[in-house]
Amino acid sequence: MKSTFKLAILATTLTLSANAMASEVNVYSARKEALIKPLLDQFTQESGIKVNLVTGKADALLKRLKSEGANTPADLFITTDAGRLHRAKEADVLQPISSETLNAAIPSNYRDPEGFWHGLSVRARVITYIKDKVDPKKLTSYEDLADSQWKGRICIRGSGNIYNQSLVASMIEANGEAITQDWANGFVANFARSPKGGDRDQVKAAAAGVCDIAIINTYYLGAMINGKDDAQKAAAAKVALFWPNQGDRGAHVNISGAGVTKAAKHKAEAIKLLEFLANEKSQEWYASVNHEYPVRAGVEWSDTLKAWGTFNADTLNLSVLGKNNPTAVRLMDKAGWK
Ligand code: FE
């Protein structure tokens, strides 16, 4: 009796110390705190694993991961755009993981084929147009935006932006480099102005009469429609969303996602957190709070997304966006895309 009691105490002590050692996970997130913190808190409540969150700009966090190397406290790196996740993989700061749960939850085109990163939400880069000025029947594809009918009518941000680089990378994969170079030359010639600002600024410029078409990520329109800024709301009300390339490969999509760091000291916890972020409840919240699409099939869409309707998305494995990134950057530069 006495020895059984002792053993029980010993077992409890061992379990406790194992928990104490393994009960935290450190996250570097390029996503804003408001987009991620409530989920992390929920994770802690359910798992007992404490989450230490550091937020910052994507490129700065990657730089930090590189300079910290094996000494980084980070276990998980969360950022947007497959192109950036690919850069992190190439920079040798991530490690491959394998999880049946993640494989079942996330379609294979939204995760790295070798398991270095996994997508957690989906966004599309779409054509928005001024309802009074553009007949949507004239719109078809990204390719068509190089046609002279759009001369002086297009607003889009600069070529330094990863979203544009990834869009061009997807076109290189679909059409080849030479055709995409020709396209970029014609597309840039149709710009209404030298690129400046972010995606929202393109919609604002269109609403102000600078251009008729603005190329943007879907969630920016969602944020403008649902936000508190009256000027943004008014600008967003003037545009409609057009789903490009529905007659062929589908609209260009990208992800926000995450990868376990190469130096992770809490690898099991980091995988557990990833699996939590991919579960149905998290997916619904995580996508809707930033007006994104859940990466997981069968998860309810927000009302804003429902209003935009269903669409065909390019099924390209998004690791290709990273692979084609250097070619895309060179090609955009050659086209004079500022
Ligand atoms: Fe963004």
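Quantities reported herein were computed from a predicted structural model and do not represent experimental measurements.

### Examining the coordination of the iron ion
(1) Moving on: The coordination sphere of the iron ion, as far as protein atoms go, consists of Y163 (OH), Y219 (OH) and Y220 (OH), spread over 2.0 to 2.1 Å.
(2) Moving on: Linear spacing of the donor residues for the iron ion on their chain is Y-x55-Y-Y. Of this pair, Y163 sits in helix 6 (residues 162-175) while Y220 is found in helix 9 (residues 218-226), placing the two residues 57 residues apart along the sequence. When sorted by exposure, Y163 lands in the same class as Y220, which is buried.

### What to know about the pairing of strand 4 (residues 118-130)
(1) Moving on: Among the 13 residues in strand 4, 13 count as buried, and that is most of the element.
(2) Moving on: Sheet analysis places strand 4 next to strand 8 (residues 253-260), joined by six bridges and oriented antiparallel. Bridge pairing in strand 8 places G119 opposite G257.
(3) Moving on: In terms of strand pairing, strand 4 meets strand 9 (residues 293-294) through two bridges, oriented antiparallel.

### Points about the domain arrangement of the chain
(1) Moving on: Structurally, the chain comprises domain 1 (2-122 + 254-301) and domain 2 (124-252 + 318-334).
(2) Moving on: Relative to domain 2, the C-alpha centre of domain 1 lies at a distance of 31 Å.
(3) Moving on: At the interface, 18 residues of domain 1 touch 17 residues of domain 2.
(4) Moving on: Across the interface of domain 1 and domain 2, roughly 1400 Å² is buried in total on both sides, 59% from carbon and sulfur atoms.
(5) Moving on: At the junction of domain 1 with domain 2, the criterion picks out zero salt bridges.

### Concerning the pattern of salt bridges
(1) Moving on: Summed over the entire model, instances satisfying the criterion amount to 22 salt bridges.
(2) Moving on: A salt bridge links R157 to D199; the nearest nitrogen and oxygen atoms lie 3.1 Å apart. One end of the pair, R157, is in the loop between strand 5 (154-155) and helix 6; the other, D199, is in helix 8 (residues 199-207), and 42 residues separate them in sequence. Each member of the pair, R157 together with D199, is buried.

### Some details on the environment of S288
(1) Moving on: Tracing the backbone shows S288 in helix 12 (residues 280-289).
(2) Moving on: Sequence spacing of S288 and Y219 is 69 residues, and the spatial spacing of their C-alpha atoms is 9.4 Å.

### Section: the state of the cysteines
In protein chemistry, a disulfide is the covalent bond that joins the sulfur atoms of two cysteines.
(1) Moving on: Evaluation of the coordinates by the stated rule reveals one disulfide.
(2) Moving on: Across the disulfide, C155 is cross-linked to C211 (sulfur-sulfur distance 2.1 Å). Its S-S torsion of approximately -105° makes the covalent link between C155 and C211 left-handed. A residue pair is termed long-range when its members are at least 10 positions apart, and C155 in strand 5 and C211 in the loop between helix 8 and strand 6 (213-217) qualify at 56 residues.
(3) Moving on: A relative accessible area of 1% places C211 in the buried class.

### Comments concerning helix 12
(1) Moving on: Three or more residues of helix 12 are buried, namely S282, Q283, Y286 and A287. Looking straight down helix 12, one finds that the buried residues subtend no more than 115° of arc, so they occupy a single side.
(2) Moving on: Those residues of helix 12 that are buried are in contact with helix 2 (33-47), strand 3 (76-80), strand 4, strand 8, helix 11 (267-277) and strand 9.
(3) Moving on: Between the side-chain oxygen at the start of helix 12 and the backbone nitrogen of K281 there is a gap of 3.1 Å, and the oxygen is on N279.
(4) Moving on: One or two positions beyond helix 12, positive phi appears at H291, with a value near 55°.

### Focus on helix 8
(1) Moving on: Among the residues of helix 8, D199, Q202, V203, A205, A206 and A207 are the ones counted as buried.
(2) Moving on: Positive backbone phi, approximately 95°, marks G209, located one or two places after helix 8.

Parameters and conventions
- Residues numbered from 1 in each chain as written.
- Predicted model: local features only at pLDDT ≥ 70, side-chain atom pairs only at ≥ 80, totals over all residues.
- Heavy atoms only, no water.
- Donors = N, O, S within 2.8 Å, 3.2 Å for Na, K, Ca; no water.
- Helix = DSSP H or I, 4+ residues; strand = E, 2+ residues; numbered from the N terminus.
- Buried < 20%, exposed > 50% of the residue type's maximum accessible area, 1.4 Å probe, protein only.
- Pairing = 2+ DSSP bridges.
- Domains from an automatic or database assignment.
- Contact = heavy atoms within 4.5 Å.
- Buried area = accessible area lost by both parts, 1.4 Å probe.
- Salt bridge = Lys/Arg side-chain N within 4 Å of Asp/Glu carboxyl O.
- Disulfide = S-S within 2.5 Å.
- Arc of directions from axis to C-beta.
- Polar contact = N/O pair within 3.5 Å; in protein donor to acceptor, adjacent residues only side chain to side chain.

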